[in-house]
Amino acid sequence: MTKVRMLLFAALAVVLAGAICGQPALAQDLAGDAHGSMIAIGHITDALPDATSPGMFQGIVGMGPNPPVAGDWPCFGGSTCSNVVAGGLVIAEPEQIWTKSCSGCGQIYYTFQTTTATGTATFTITVTQGSPAKTLFQYSFTGSVAKNQIHAISVGPVTFTGGVAGAATINVATTIGTATIKGGAKITLH
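Conventions and cut-offs
- Residues numbered from 1 in each chain as written.
- Predicted model: local features only at pLDDT ≥ 70, side-chain atom pairs only at ≥ 80, totals over all residues.
- Heavy atoms only, no water.
- Helix = DSSP H or I, 4+ residues; strand = E, 2+ residues; numbered from the N terminus.
- Buried < 20%, exposed > 50% of the residue type's maximum accessible area, 1.4 Å probe, protein only.
- Areas by Shrake-Rupley, 256 points an atom, 1.4 Å probe, with all protein chains shown as cover.
- Pairing = 2+ DSSP bridges.
- Core = buried A, V, L, I, M, F, W, Y, C linked by side-chain atoms within 4.5 Å.
- Contact = heavy atoms within 4.5 Å.

Below, the discussion takes up the overall build of the protein. Assigned secondary structure in the protein consists of one helix and 11 strands. Each of the 190 residues in the protein was classed as buried or not, and the buried ones make up 38%. For the protein, the exposed surface amounts to about 10,200 Å²; the carbon and sulfur share of it is 59%.

Shown next, in the form of structure tokens:
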């Protein structure tokens, strides 16, 4: 992506953020225009869980800018990213500082690995702030997963409804059957 395109995309995001800021959102509309996706990015042939394992393991959690073209990230080498070597993963550059008036400004992503877990998975992404915790963003969706695979989840664009300056927490959860794994990341709103 050229620098000119990146600047135009950033300018559009600023204009949209300015147009939307200050409008209260309904509680059931905390995800705005967000959408989620899941891709299998690798197959593990020697994954051996212990007897207490839920059949899956949490990986990385982060938030970065939106992809230049919706759906570009995450992608993985040898398949959806034709110019990336097999085994490589392309995700947004993780950023820990975000504007509290973020309106569609970024993408949350995470990875997890299955060992024995398989079937329909529910993915839930929530951003909270303060004590008691106030929910600024929440999104859930489902997808099918197979055993012995690494999966990448992405949700965006993200909007922080009612955010104030200070620490916030990204919480992610994956549930398959009765097993749930959770992960998180800290960000700061300014």
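The strand order β5-β11-β10-β7-β8 describes an open sheet built from five strands, whose pairing is mixed. Both outer strands of the open sheet, β5 (97-98) and β8 (134-145), are each paired with one neighbouring strand and no more. As defined by bridge partners, strand β7 (residues 119-129) adjoins strand β10 (residues 166-176) across eight bridges and the pair is classed as antiparallel. Looking across to β10, one finds that Thr124 is bridged to Ala173.

On to the nonpolar core. One finds Ile125, Val127, Phe137, Phe160, Ile170 and Ile187 to be the most contacted residues of the largest nonpolar core, which totals 32 residues. Residues within four places of Ile170 in sequence aside, it is in contact with Val61, Met63, Ile108, Thr126, Val127, Gly183, Gly184, Ala185 and Ile187.

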